[in-house]
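Commentary on secondary and tertiary structure
The residues making up each chain are set out below.
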Amino acid sequence: MSSVDLRGRDFLKLLDLSTEEILYLVDLAAKLKGAKKDHVPHRYCEGRNIALIFEKTSTRTRCAFEVAAHDLGMDATYLDPAASQIGKKESIADTARVLAGMFDGIEYRGYGQEIVEELAEYSRVPVWNGLTNEFHPTQMLADLLTIRECFGRIEGIRLSYFGDARYNTADSLMVMGAKTGMHITLCGPASYMPDPALVQTCRQIAAQTGGSITLTTDPREGAAGADVLYTDVWVSMGEPMQAWEERIGEMKDYQVRRELMELAAPEAVFMHCLPAFHDQGTGIGREIFEKFGLSELEVTDEVFESPQSVVFQEAENRMHTIKAVLAATLCTEVIEV
Ligand code: CP
Ligand code: NVA
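Structure report, in brief.

Conventions and cut-offs
Residues numbered from 1 in each chain as written. Chains lettered and ligands numbered in written order. Predicted model: local features only at pLDDT ≥ 70, side-chain atom pairs only at ≥ 80, totals over all residues. Heavy atoms only, no water. Helix = DSSP H or I, 4+ residues; strand = E, 2+ residues; numbered from the N terminus. Buried < 20%, exposed > 50% of the residue type's maximum accessible area, 1.4 Å probe, protein only. Contact = heavy atoms within 4.5 Å. Pairing = 2+ DSSP bridges. Axes fitted to C-alpha atoms, helices over the stretch in contact; angles between N-to-C directions. Salt bridge = Lys/Arg side-chain N within 4 Å of Asp/Glu carboxyl O. Phe/Tyr/Trp six-rings, centres within 6.5 Å; stacked < 30°, edge-to-face > 60°. Lys NZ or Arg CZ within 6 Å of the ring centre and 35° of its normal. Near = heavy atom within 4 Å. Polar contact = N/O pair within 3.5 Å; in protein donor to acceptor, adjacent residues only side chain to side chain. Areas by Shrake-Rupley, 256 points an atom, 1.4 Å probe, with all protein chains shown as cover. Nonpolar A, V, L, I, M, F, W, Y, C, P; charged D, E, K, R; others polar. Right-handed = clockwise from strand over helix to strand, strands pointing away. Core = buried A, V, L, I, M, F, W, Y, C linked by side-chain atoms within 4.5 Å. Arc of directions from axis to C-beta.

What follows concerns the side chain of aspartate 71. Here aspartate 71 shows up in helix H2 (residues 60-71). Of the residues examined, aspartate 71 reaches a relative accessible area of 14% and is grouped as buried. Not counting the four nearest positions on each side in its chain, aspartate 71 is found in contact with Lys36, His42, Arg43, Met319 and Lys323.

Structure follows, in structure tokens:
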């Protein structure tokens, strides 16, 4: 049995948490997932209320917060990109103080990391980062749980990411791997590599945990021997539609396809935070096909639909891991795992 006290803490980026705290949240999520599957009630936060601010759209993160809140005995209020005063008529500092007076915790999805950090500075209740341009920490907990379910361990796992390596998902994977002793390779065009200062910070952390960070522009080198091949959209939320043309040119060699999977370890899995452009089943996917003739973007449909793909297990784990964050930061008692 182990316990870690995260009561009252914010969850803004994995850099703020120790390895022990991160692994505790993964263990707690596994415990809560088991409880849910066994229909064991786990209303640890009965009667609490949380606010969900979304300045960008969402399927998984919003639903995960809402279902998790409900399972824990809480109510959640959703503030959509158009329906609140935030940033337009009311400052972040004022919003934080208003919401903290009514709610027990605040989730924020939006643009700069500095916004969620400011929200936390002015809020006297926990603030959780549901994605910024820089980081996506709740996604990382789901990824860790999924990796542990697939391989029985996290430490020593070799995860290679392909595509836009200077944005939220890739940068968070680098921090996640450094904190937990994984070998992370970020593979993409030279002009889409992460901030060197963040790479240096991650390498320093990895030196303590036995992990490593590798950057490469060569997709074959990136895939060789990897346990996990991971990708994300080539154009992220908040970026202009015009970015697609340049991005397609730059990223097409980093598409995760069968030839790359074949270079990976025999038991390798494919992961993606989702949503994914793997066919023409989306409006943007069809638009891209009409304009550029590409029917699959960051991952081929063959890989996405293959038995090696664990993307829907990963998506479900968003809920169990977000529930762990809510329970750990809001529950009046420390929950043992
Ligand atoms: N992976 C993820 O954050 O999905 P949503 O954008 O649907 O929340
Ligand atoms: N990089 C993506 C992640 C979506 C979960 C985006 O920011 O749109």
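The next point concerns the sheet that holds strand S1 (residues 49-54). Taking strand neighbours across the sheet as the criterion, the four strands line up as S2-S1-S3-S4 in an open arrangement whose pairing is parallel. Across the chains shown, the open sheet's two edge strands, defined by having one partner strand only, are strand S2 (75-79) and strand S4 (127-129). Between one strand axis and the next, the sheet turns through 20 degrees on average, direction left out of account. Here strand S3 (residues 105-109) runs beside S4; their pairing, made up of three bridges, is parallel. Within S4, the residue paired with isoleucine 106 across the bridge is valine 127. Packed onto the sheet, helix H3 (residues 92-102) meets S1, S2 and S3 and runs at close to 140 degrees relative to S3. Across the sheet, helix H13 (residues 311-330) is in contact with S1 and S4; its angle to S4 comes to roughly 160 degrees.

Attention now moves to the pattern of salt bridges. Counted by the stated rule, this structure contains 19 salt bridges. Put simply, arginine 62 and glutamate 66 hold a salt bridge, and the shortest N to O gap is 3.0 Å. Residue arginine 62 and its partner glutamate 66 are both found in helix H2; the two are separated by four residues, about one turn of the helix. Given a relative accessible area of 28%, glutamate 66 falls into the partly exposed group.

The tally for this structure, following the rule as stated, stands at five aromatic pairs. Residues phenylalanine 304 and phenylalanine 312 carry aromatic rings whose centres are separated by 5.8 Å and whose planes lie at 90 degrees to one another, so their mutual orientation is edge-to-face. Here phenylalanine 304 falls in the buried class, since its relative accessible area comes to 5%. Lying over the aromatic face of tyrosine 111, lysine 56 brings its terminal NZ or CZ to 4.7 Å of the ring centre. The residue whose ring lies beneath arginine 62 is tyrosine 78, and the NZ or CZ to ring-centre distance is 3.5 Å.

Neighbouring residues of ligand 2: Leu131, His136, Asn168, Thr169, Asp232, Val233, Ser236, Met237, Cys273 and Leu274. Serine 236 places a side-chain nitrogen or oxygen 2.7 Å from a nitrogen atom of ligand 2. Between ligand 2 and methionine 237 there is a distance of 2.8 Å, counted from an oxygen atom to a backbone nitrogen or oxygen. Burial of ligand 2 by the protein amounts to 95% of the accessible area it has alone, namely 270 Å². Residues of the shell around ligand 2, tallied by class, amount to five nonpolar, four polar and one charged.

With five of six residues buried, S1 is to be regarded as a mostly interior element. Pairing of S1 with S2 involves five bridges; the strand directions are parallel. Looking at S2, one finds that isoleucine 50 is bridged to alanine 76. At this point the chain moves from S1, through H2, to the parallel S2, and the crossover so formed is right-handed.

Next up on the list: the nonpolar core. Ranked by size, the top nonpolar core spans 66 residues in total, and within it Leu25, Ile50, Leu159, Met176, Met182, Tyr230 and Leu326 carry the most contacts. It is H13 that provides the largest number of residues to this core, a total of eight residues. Once residues within four sequence positions are removed from consideration, leucine 326 is found in contact with Cys45, Ile50, Phe65, Ala68, Ala69, Leu72, Met74, Trp128 and Cys331. Of all hydrophobic cores here, the second largest spans 19 residues; its members include Ala226, Phe270, Val303 and Val311.

Looking now at helix H9 (residues 243-251). Here H9 has its buried residues at Ala243, Trp244, Arg247, Ile248 and Met251. Looking straight down H9, one finds that the buried residues subtend no more than 125 degrees of arc, so they occupy a single side. On its buried face, H9 sits against helix H11 (283-292).

Judged by how many residues are buried, S3 sits mostly within the fold: five of five residues are covered. Of the two faces of S3, both are covered, the one formed by Gly105, Glu107 and Arg109 as well as the one formed by Ile106 and Tyr108. Strand direction decides the pairing type here: S1 and S3, joined by five bridges, are parallel. In the strand pairing of S3, isoleucine 53 is matched with tyrosine 108. With respect to chirality, the unit in which S3 leads through helix H4 (residues 113-122) into the neighbouring parallel S4 is right-handed.

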